[in-house]
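Each chain is listed here by its residues.
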Amino acid sequence: FFYSDFASCGSPRPKQAARPPTPLAQSMPIELEAPFWGFMGAAFALVFSNMGAAYGTGKSGIGISTLGVGQPELIMKSIVPVVMAGGVGLYGLLIA
């Protein structure tokens, strides 16, 4: 809301010295800037958490494959890191 919307509710607005606008203020009005940064933060949380989950799944998949060659009886015990890496992606989805 702007102060001028409530000018009839009380005393008139005091005069202030005009300041030159900053480059960001020239490019985007303040009411459009806040949702932009909010959605960018949500997008960054989602993107980076899923990139981390994909990296963790890939690294643990390589480890499971290597383990399966030497000790195939331990493959089911080594599924836990894959599930934890997927949990990181879901956590990022919840945060976003």
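Provided above is the structure to which this section pertains.
Residues numbered from 1 in each chain as written. Predicted model: local features only at pLDDT ≥ 70, side-chain atom pairs only at ≥ 80, totals over all residues. Heavy atoms only, no water.

### Notes on the overall build of the protein
Argument step 1. The helix and strand tally for the protein stands at three helices and zero strands.
Argument step 2. A buried classification covers 9% of the 96 residues belonging to the protein.
Argument step 3. Looking at the protein alone, contacts between residues at least 24 apart form 58% of all its contacts between residues at least 6 apart.
Argument step 4. On the protein, roughly 8000 Å² of surface is accessible, and the fraction owed to carbon and sulfur atoms is 73%. (Helix = DSSP H or I, 4+ residues; strand = E, 2+ residues; numbered from the N terminus. Buried < 20%, exposed > 50% of the residue type's maximum accessible area, 1.4 Å probe, protein only. Contact = heavy atoms within 4.5 Å. Areas by Shrake-Rupley, 256 points an atom, 1.4 Å probe, with all protein chains shown as cover.)

### Quick look at the packing of aromatic side chains
Argument step 1. For the structure shown, the criterion picks out two aromatic pairs.
Argument step 2. Summarising the aromatic geometry, the rings of Phe36 and Trp37 are spaced 5.0 Å apart at their centres and angled 75° between planes, so their arrangement reads as edge-to-face.
Argument step 3. Residue class for Phe36 comes out partly exposed when judged on its relative accessible area of 37%. (Phe/Tyr/Trp six-rings, centres within 6.5 Å; stacked < 30°, edge-to-face > 60°.)

### Let's talk about a nonpolar patch on the surface
Argument step 1. A contiguous nonpolar surface patch, about 420 Å² in accessible area, is contributed by Phe44, Val47, Phe48 and Met51.
Argument step 2. Counting through the fold element by element, Phe48 comes out in helix H2 (residues 30–70). (Patch = residues over 30% accessible without salt bridge, like charges linked within 9 Å, V, L, I, M, F, W, Y side chains within 5 Å. Salt bridge = Lys/Arg side-chain N within 4 Å of Asp/Glu carboxyl O.)

### Re the environment of Ala43
Argument step 1. If you trace the backbone, Ala43 turns up in helix H2.
Argument step 2. In the structure, Ala43 is positioned 49 residues away from Gly92 in sequence and 9.7 Å away in space, judged by C-alpha atoms.

### Quick look at the side chain of Ser78
Argument step 1. For Ser78, the position within the fold is in the loop between H2 and helix H3 (80–95).
Argument step 2. We classify Ser78 as buried; its relative accessible area is 14%.
Argument step 3. Engagement of the side chain of Ser78 in a polar contact is seen with the backbone oxygen of Ile75, the distance being 2.7 Å.
Argument step 4. When near neighbours in sequence (up to four residues on either side) are disregarded, Ser78 contacts Ile64 and Leu67. (Polar contact = N/O pair within 3.5 Å; in protein donor to acceptor, adjacent residues only side chain to side chain.)

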